[in-house]
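Survey of secondary and tertiary structure
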There are 2 protein chains.
Amino acid sequence: MTVSYDSESFYSGLVEHGLIIPGEVKGAYGRSRVFEDILQRFNDLVSRTAEPDNAEEMTFPPILPRALVEKVGYMDNFPQLAGSVHSFSGNDAKARELSARIHGGERWEALLNPTEVMLTPAACYPVYPTFSGLLPNGGRLVTVLGWVYRHEPSDEPTRLQSFRMREFIRVGKPDVVVAWRDAWLQRGLDLLRGLGLPAESDVASDPFFGRVGKMMAANQMDQRLKFEILVPVISLEKPTAICSFNWHQDHFSAKFGIRNADESVAHTACLGFGLERVTLALIKAHGFNPETWPDAVRAQLWT
Amino acid sequence: MTVSYDSESFYSGLVEHGLIIPGEVKGAYGRSRVFEDILQRFNDLVSRTAEPDNAEEMTFPPILPRALVEKVGYMDNFPQLAGSVHSFSGNDAKARELSARIHGGERWEALLNPTEVMLTPAACYPVYPTFSGLLPNGGRLVTVLGWVYRHEPSDEPTRLQSFRMREFIRVGKPDVVVAWRDAWLQRGLDLLRGLGLPAESDVASDPFFGRVGKMMAANQMDQRLKFEILVPVISLEKPTAICSFNWHQDHFSAKFGIRNADESVAHTACLGFGLERVTLALIKAHGFNPETWPDAVRAQLWT
């Protein structure tokens, strides 16, 4: 069977089979029961795979402190992807003006003020401040599942403005952190290949903004700080990243004063499965109806 | 045993027992594994209770179209609670200015532009547009679990800026919708009382903005359009709403052109459990350690 790779026909197939619920805004469609079931089952499989590691589980809302986004330098590097939350704090007269503008079809957002929060750009960000200070011997390992926001509206069904990342975050001595990242890179490949996905890993870079950003991305590649696991979903030539691995060295540790038990500066690394993307990769590989997926795949997800 | 009701000591108890993870921003703390486990188990109990109704399941991200928020009149009624998402769309020079402002400790949000999305103010909002047109005989019933945003920063642990609502949305003929709402009001009371919560229902109103809002709230009470189920969590005198019921009459149906199979204008109603609030009410009623909760409660949650 020849599989064709085409973003538009994949999107319309997802809609026709009732897997996604189209909306007015690009990259913000709804998910059906069947879509969610695949996503949750995959997340459960990740949990079972990681169970021996005994990661601490944390859950954060899809917002985080504005001061945290400023502190980690996100606005220097990815301002084009950020989501800043603004609200109304005026009086009755100003509220009437707000309503009048909306009903008159005029823009009204200038009447708002920035709040103390922004949308979470990466599910691991709220975790780093909790590491502040002296770590226990051996460091720490945390797992989170969170909604993240990236302002990159697109018709391409794997490029969402709002999606879920299942992440693991390791903090400790540099050699421990790198060995953990390397082990998970292989574990991630095994896990995804075991589900019949033609997964490959590669060195990668983040979408840093602008001209300076191009140099930062090149530097990130040179230092092999970021890896991705990729699977063809909407294109054979440009496979989609469904899992990514970031070694931050002392980026977060320096900002949040994270030290190993022996007072040395800790390193951090994280890995994240893009849960919607994994779901879409599975649908692309095995078809729009999960009941017809290969038994070997179904047995792992619907245990 | 005398239970004391005090917001501060409840909050510090939650922190000390590792149930919540404090953060820099009011109403945006993290949740621990144990907190999440209670929340998910309660949500599962709701699912089992509602199973015979065969609701369609949908999942939406924590953002929704700005045009939808405008259309339903949210900015006319609750502008003080809204979350508008703004991002950066400038060039290299403007990005340098943005960075310079942040590092200089100046405000920088004026350099952003409104995006096409806002934070979801109520988990049911994205559902109504999917009802547009002619309904099947008997109408429809949908359930969602979604993160919602309300800009009301508070130290009080049950008042969160970002939290999850498990909602059911019914659309159909007015008498069918009202009967459904009435039945769920009793079902909700039974469910919550069955978990040992001293739950009571009452007529209620939404926090409409400003002077005109006071009249709208009074009118909503008069017409008995909103009910809440309340439980004392941080105060005996002012119990906390943990479940709410809204009968919208034709508010959404008129805006989205939702008609019954016989072409009459449909009515809608929804009910929502505030999942963090139910979790906190259970902790308040039974203690900080779920392993010591009464067997009759545990048996329903940890089946």
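Residues numbered from 1 in each chain as written. Chains lettered and ligands numbered in written order. Predicted model: local features only at pLDDT ≥ 70, side-chain atom pairs only at ≥ 80, totals over all residues.

Here we have six strands laid out as an open sheet, ordered E4(A)-E6(A)-E5(A)-E5(B)-E6(B)-E4(B), and antiparallel in their pairing. Every other strand in the sheet has two partners, leaving strand E4 (63-65) of chain A together with strand E4 (63-65) of chain B as the edge strands with one partner each. Here the average twist between neighbouring strands, direction ignored, is 50°. By the bridge criterion, three bridges tie E4 of chain A to strand E6 (residues 113-119) of chain A in an arrangement that is antiparallel. Residue pairing for E6 of chain A: Pro65 of chain A is matched across the bridge by Val117 of chain A. (Pairing = 2+ DSSP bridges. Helix = DSSP H or I, 4+ residues; strand = E, 2+ residues; numbered from the N terminus. Axes fitted to C-alpha atoms, helices over the stretch in contact; angles between N-to-C directions.)

So, on to the sheet that holds strand E9 (residues 162-172) of chain B. Across the sheet, nine strands lie side by side as E1(A)-E2(A)-E3(B)-E8(B)-E9(B)-E14(B)-E12(B)-E11(B)-E10(B); this open sheet has mixed pairing. The open sheet is flanked by strand E1 (20-21) of chain A together with strand E10 (200-203) of chain B, the only strands paired with a single partner. Pairing of E1 of chain A with strand E2 (residues 30-32) of chain A, which is carried by two bridges, proceeds in the antiparallel orientation. Its bridge partner lying in E2 of chain A, Ile21 of chain A is registered against Gly30 of chain A.

Between chain B and chain A, which share one sequence, the superposing operator has a rotation angle of 180° and an axial displacement of 0.0 Å; the RMSD is 0.0 Å. Taken together, the turn and the small shift mark the pair as related by a two-fold rotation axis. Across chain B, the rotation axis passes nearest the C-alpha of Val85 of chain B, at a separation of 2.4 Å. The overlap is high: 100% of the interface residues of chain B also sit at the interface in chain A, so the same surface is used on both sides. (Least-squares fit on C-alpha atoms with pLDDT ≥ 70 in both. Contact = placed C-beta atoms within 7 Å.)

To continue, consider helix H7 (residues 210-222) of chain A. Spanning 13 residues, H7 of chain A covers 19 Å between terminal C-alpha atoms, matching the ideal 18 Å at 1.5 Å per step. Backbone geometry just downstream of H7 of chain A places Arg224 of chain A in the positive-phi region, at approximately 55°. (Expected span 1.5 Å × (residues − 1).)

Our next topic: the domain arrangement of chain A. When its domains are assigned, chain A resolves into domain 1 (7-83 + 121-301) and domain 2 (85-117). Taking only C-alpha atoms into account, the centre of domain 1 of chain A sits 35 Å from that of domain 2 of chain A. (Domains from an automatic or database assignment.)

On to the interface of chain B and chain A, then. Counting residues at the interface gives 56 residues for chain B and 56 residues for chain A. In terms of residue class, the side of chain B that touches chain A is built from 28 nonpolar, 17 polar and 11 charged. (Nonpolar A, V, L, I, M, F, W, Y, C, P; charged D, E, K, R; others polar.)

Here we come to the environment of Ala50 of chain A. Residues and elements named next belong to chain A. Looking at where Ala50 falls in the secondary structure, it is placed in helix H2 (residues 33-50). With 17 C-beta atoms counted inside 10 Å, the residue Ala50 sits in the partly exposed group. Along the sequence, Ala50 and Leu119 sit 69 residues apart, while their C-alpha atoms lie 28 Å from each other. Setting aside chain neighbours within four positions, we find Ala50 in contact with Ala55, Thr143 and Phe168. (Buried ≥ 20, exposed ≤ 12 C-beta atoms within 10 Å, placed from the backbone.)

The next point concerns helix H6 (residues 174-193) of chain A. Residue and element names in this part refer to chain A. Compared with an ideal rise of 1.5 Å per residue, which puts 20 residues at 28 Å, H6 spans 29 Å between its outermost C-alpha atoms and is within 8% of the ideal. Regarding H6, the residues found buried are Val177, Trp180, Arg181, Trp184, Gly188, Leu191 and Leu192. Along the long axis of H6, the arc covered by the buried residues comes to 100°, so they all point the same way. Relative to its buried face, H6 has exposed residues pointing more than 90 degrees away, namely Asp175, Ala183, Gln186 and Asp190. Contact partners of the buried residues in H6: H2, strand E9 (162-172), strand E11 (226-231), strand E12 (240-249) and strand E14 (267-274). (Arc of directions from axis to C-beta.)

Let's shift gears to the pairing of strand E8 (residues 140-149) of chain B. All names here are of chain B. With seven of its 10 residues buried, E8 lies for the most part within the structure. In this sheet, E8 lies alongside strand E3 (residues 56-59) in parallel orientation, the contact comprising three bridges. Across the sheet, Glu57 pairs through a bridge with Thr143, a residue of E8.

On average, residues of chain A score 97 in pLDDT, and 99% of them reach the 70 mark or higher. The complex model carries a pTM of 0.97, and its ipTM stands at 0.97. (pLDDT = per-residue confidence, 0-100.)

Moving on to the packing of helix H2 (residues 33-50) of chain B against helix H9 (residues 275-286) of chain B. Residue and element names in this part refer to chain B. Running from N to C, H2 and H9 point in directions that differ by 110°, and their axes come no closer than 9 Å. Compared by their axis directions, H2 and H9 come out roughly perpendicular. Where H2 crosses over H9, the handedness of that crossing is right-handed. The residues of H9 that touch H2, namely those facing Phe35, Ile38, Leu39, Phe42 and Asn43, are Leu275, Glu276, Val278, Thr279 and Leu282. (Parallel < 35°, antiparallel > 145°, perpendicular 65-115°, else oblique. Left-handed = near helix turned anticlockwise from the far one by under 90°.)

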